[in-house]
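Residue strings, one per chain:
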Amino acid sequence: MRILGIDPGLQVAGFGVVDVEGSQLNYVASGTIKTTHLARSDLPARLKVLFDGVREVVQRYQPDVASVEIVFVNVNPQATLLLGQARGACITGLVSSDLPVAEYTALQMKKAVAGYGKAGKAEVQQMVMRLLRLPSLPGKDAADALGLAITHAHVGRSAAILAAATALNPNSSASYKAGRHY
């Protein structure tokens, strides 16, 4: 299975692509989609760059599923609204490409990748480098995106096991939802 992780941002959105074969994770690609060349006041143009960039990544790498970071509420409401719009452009680019989308919080991603929900950016970069056997540290935005893909690889495998166990026991009332899925 090929998983695309997206770390949304209005100026820089990270992407990371990972192949999962059994319990083996293999790095495919990572990078960023930048809107810094556009005027900060031109929100529609910046959102279009994000939308088009995500669609281009999907077309180039042909993932089976995507995972996106859930936006946290910031101290600055205006910044939160802008980030939410950037995230919306990214998700719309994914679903318009007919990709299923799972969402995870930064805390869930950090816990899955670094084993600690309050891990710093440098710790996430180090663990992503180790887990994917990369020769050097990925950039911060790309590392977060790769971390989201890794999180979905781990959670997706666990969710499948739980779903199978629940299906085998029709009297079970257990329901498991690791993140939101579209």
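The following refers to the structure shown. (Residues numbered from 1 in each chain as written. Predicted model: local features only at pLDDT ≥ 70, side-chain atom pairs only at ≥ 80, totals over all residues. Heavy atoms only, no water.)

**Concerning the nonpolar core**
In this structure, L4, I6, F15, I33, L50, V54 and L94 are the most contacted members of the largest nonpolar core, which totals 24 residues. Those elements giving two or more residues to this core turn out to be β1 (2-7), β2 (12-21), β3 (24-34), α1 (43-61), β4 (65-69) and α2 (77-95). Of all the elements, α1 adds the most residues to this core, at seven residues. For V54, the residues in contact, after removing those within four places along its chain, are I6, I33, C90, G93 and L94. Listed in part, the 21 residues of the second largest apolar core include V65, Y104, V113 and M129. (Core = buried A, V, L, I, M, F, W, Y, C linked by side-chain atoms within 4.5 Å. Buried < 20%, exposed > 50% of the residue type's maximum accessible area, 1.4 Å probe, protein only. Helix = DSSP H or I, 4+ residues; strand = E, 2+ residues; numbered from the N terminus. Contact = heavy atoms within 4.5 Å.)

**Details of α1**
Across its 19 residues, α1 extends 27 Å between first and last C-alpha, which sits within 8% of the 27 Å expected from 1.5 Å per residue. Of all the residues in α1, the buried ones are L43, R46, L47, L50, G53, V54, V57, V58 and Y61. The arc enclosing the buried residues of α1, seen along the axis, measures out at 135°, which places them on a common side. Pointing more than 90 degrees away from the buried face of α1 are the exposed residues P44, K48, Q59 and R60. The inward-facing, buried residues of α1 contact β1, β2, β3 and α2. Among the residues trailing α1, Q62 stands out with phi positive, at a value near 50°. (Expected span 1.5 Å × (residues − 1). Arc of directions from axis to C-beta.)

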